[in-house]
Amino acid sequence: QVQLVESGGGLVQPGGSLRLSCAASGSIFNINSMGWYHQAPGNERELVATISSGGSTNYADSVKDRFTISFDHAKSTVYLQMDNMKPEDTAVYYCKGRSIFGQDYWGRGTQVTVSP
């Protein structure tokens, strides 16, 4: 089993920045990719960014050049640096880990609100 705990959400003004953290524990040696997803009210959960164990990254078009995903192996923590934020970034942000067996693990989410 893998446990994921997100932190760092909150209220930010348009154009501002936030950094989300997701600490992983448990059988993390089986994890070969991690990612961030978000879900706004009434919408489906959508991919924001992913990072593989080799460091390859992938971003949704809506966040390219504004968000950066990274992974600290020593801390078993994945980060999402969000800059130049927009109101449409408002959502609950979830961390996901995928194992080498294809099993997905999810955190409970953290609320991000972008508003004047």
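You'll find the structure just up there.
Each value, and the rule that gives it
Residues numbered from 1 in each chain as written. Predicted model: local features only at pLDDT ≥ 70, side-chain atom pairs only at ≥ 80, totals over all residues. Heavy atoms only, no water. Phe/Tyr/Trp six-rings, centres within 6.5 Å; stacked < 30°, edge-to-face > 60°. Helix = DSSP H or I, 4+ residues; strand = E, 2+ residues; numbered from the N terminus. Buried < 20%, exposed > 50% of the residue type's maximum accessible area, 1.4 Å probe, protein only. Salt bridge = Lys/Arg side-chain N within 4 Å of Asp/Glu carboxyl O. Contact = heavy atoms within 4.5 Å. Core = buried A, V, L, I, M, F, W, Y, C linked by side-chain atoms within 4.5 Å.

Peer 1: Give me the lowdown on the packing of aromatic side chains, citing residues and values where you can.
Peer 2: In total, this model carries two aromatic pairs according to the counting rule given. Relative to Trp-106, the ring of Tyr-37 lies with its centre 5.1 Å away and its plane at 70°, an arrangement referred to as edge-to-face. Highlighted residues: Tyr-37 in strand β4 (residues 31-39) and Trp-106 in strand β10 (residues 104-106), separated in sequence by 69 residues. Take Tyr-37: its relative accessible area is 12%, and that puts it in the buried class.

Peer 1: Give a detailed account of the pattern of salt bridges, specifying residues and quantitative values.
Peer 2: Applying the stated criterion across every chain, the model contains four salt bridges. Across the pair Arg-66 and Asp-89 runs a salt bridge whose closest N-O atoms are separated by 2.8 Å. Here Arg-66 is found in the loop between β6 (57-59) and β7 (67-72), whereas its partner Asp-89 is found in the loop between β8 (77-82) and β9 (91-99), with 23 residues between them in sequence. In this pair, the class of Arg-66 matches that of Asp-89, namely buried. A salt bridge links Arg-98 to Asp-104, with the shortest nitrogen-to-oxygen separation between them at 2.6 Å.

Peer 1: Tell me about the environment of Gln-13, and name the residues and values.
Peer 2: Examined against the element boundaries, Gln-13 turns out to sit in the loop between β2 (10-12) and β3 (18-26). Given the relative accessible area of 53%, Gln-13 is considered exposed. On a C-alpha basis, the gap between Gln-13 and Ser-76 in space is 30 Å, while along the polypeptide they are 63 residues apart.

Peer 1: Go over the side chain of Arg-66 with me, naming the residues and quoting the values.
Peer 2: Judged by its relative accessible area of 9%, Arg-66 is buried. Leave out the neighbours within four places in its chain, and Arg-66 touches Gln-81, Met-82, Asp-83, Asn-84, Met-85, Lys-86 and Asp-89.

Peer 1: Explain the nonpolar core to me, and be specific about the residues and the numbers.
Peer 2: Met-34, Trp-36, Leu-80, Met-82 and Tyr-93 are the most contacted members of the largest nonpolar core, which has 28 residues in total. Mapped by element, the contributors of at least two residues to this core are β1 (2-7), β3, β4, β5 (46-52), β7, β8, β9 and β11 (110-114). Residue contributions to this core peak at four residues, all from β3. With sequence-adjacent residues up to four places away left out, Tyr-93 is seen in contact with Glu-6, Leu-20, Trp-36, Tyr-37, His-38, Val-48, Phe-67, Leu-80, Met-82, Gly-109, Thr-110 and Val-112.

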